[in-house]
Amino acid sequence: DAGITQSPRHKVTETGTPVTLRCHQTENHRYMYWYRQDPGHGLRLIHYSYGVKDTDKGEVSDGYSVSRSKTEDFLLTLESATSSQTSVYFCAISEPGEGYEQYFGPGTRLTVT
Amino acid sequence: QQQVKQSPQSLIVQKGGISIINCAYENTAFDYFPWYQQFPGKGPALLIAIRPDVSEKKEGRFTISFNKSAKQFSLHIMDSQPGDSATYFCAASIGQGAQKLVFGQGTRLTINP
């Protein structure tokens, strides 16, 4: 998975609790992304980062926030988890000058009860 | 609004046959069209990609056919093998820099031995 780790890999949490997912890369890639994968929807972009402390919204950003204080780490926070946020979350990275390929991490399966 | 529509949702092909998955897009500004392969429990991995200045790209047994006027592109897998059994996603994005991929819904491909 191209030097990308995600933690935790599995998490069960209750509605209304805050949750933070972590993506860590060892590739020193500039761009980092968070996607969610749901049956029938493919993958949808939540937020992305184009540098340290530089982030922007994706297609389905409501209810999510992100932070990137170091090149290697990109955090996704659900401030108050809801059942609709039950999903598999994937982090991805890419680097300008290496084509357009995005490398995906192994994913985090989140269940909100 | 689904900007990239993928079909079929599932596909069963005999070993040695040709697997064909189709995608249609709406946004004419898209200029990068990748296909991703995903095995259970893993993140998606880039399989092959095409830019709109060519009508076909081939890599081994995998071929992308691109029809700009029809806003459609397809993946052909020749001599399909059981190891090709996976979920396939088409995607599209615009421009350079951060690649905000818009994914199709996915196709679960099963190759029967």
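The structure we're discussing is the one just above.
(A) The arrangement of the pattern of salt bridges in detail. Inspection of every chain in the model, using the stated rule, returns seven salt bridges over all chains. Between Lys70(A) and Asp73(A) there is a salt bridge, with its nearest N and O atoms 3.3 Å apart.

(B) Here's a closer look at the interface of chain B and chain A. Between chain B and chain A, the residue contacts involve 20 residues of the former and 18 residues of the latter. Roughly 1,800 Å² is buried in total at the junction of chain B and chain A, and carbon and sulfur atoms are behind 56% of that figure. At the junction of chain B and chain A, the tally comes to zero salt bridges. Along the contact surface separating chain B from chain A lie five residue pairs in polar contact (both at pLDDT 80 or more). Taken together, the residues of the side of chain B that touches chain A break down into eight nonpolar, nine polar and three charged.

(C) Representation of the layout of surface pockets. Its boundaries defined by the atoms lining it, the largest pocket holds a volume of some 690 Å³. Around the largest pocket, the lining comprises 27 residues; the ones closest to its centre are Gln37(A), Gln38(B), Thr87(B), Phe89(B) and Arg108(B). Put simply, the parts of the chain that give the lining of the largest pocket at least two residues each are strand 4 (31-38), strand 9 (87-94) and strand 11 (108-112) of chain A together with strand 9 (86-92) and strand 11 (107-112) of chain B. Partitioned by chemical class, the residues of the lining of the largest pocket number eight nonpolar, 14 polar and five charged.

Reading the values: the criteria
- Along each chain, numbering runs from 1 in the same order as the chain's sequence is written.
- Key to labels: chains lettered from A, ligands numbered from 1, both in the order written.
- Side-chain atom pairs in this predicted model are given and counted only at pLDDT of 80 or more, local residue features only at pLDDT of at least 70, and totals for whole chains, interfaces and linings cover all residues.
- Water and hydrogen atoms were dropped before computing side-chain values, which therefore reflect all heavy atoms in the structure.
- The salt bridge definition used is simple: a Lys or Arg side-chain nitrogen within 4 Å of an Asp or Glu carboxyl oxygen.
- Contact definition: two residues touch when any of their heavy atoms are within 4.5 Å.
- Buried area: the sum, over both parts, of the accessible surface (1.4 Å probe) that disappears when the two are put together.
- Any pair of N or O atoms that falls within 3.5 Å is considered a polar contact. Within protein, one atom must be able to donate a hydrogen and the other to accept it, and sequence-neighbouring residues count only if both atoms are side-chain atoms.
- Basically, the charged four are Asp, Glu, Lys and Arg, the nonpolar ten are Ala, Val, Leu, Ile, Met, Phe, Trp, Tyr, Cys and Pro, and anything else, Gly included, counts as polar.
- The method works on a 1 Å grid over the protein atoms by themselves. A cavity is a set of points holding a 1.4 Å probe that cannot get out, a pocket is an open set with protein on both sides within 12 Å along at least five of seven lines, and residues with an atom within 4 Å of a point line them.
- Grid points are joined across faces, edges and corners, and a volume is the space filled by probe spheres set on the points.
- Each helix corresponds to a stretch of at least 4 residues labelled H or I by DSSP, and each strand to a stretch of at least 2 residues labelled E; elements are numbered beginning at the N terminus.

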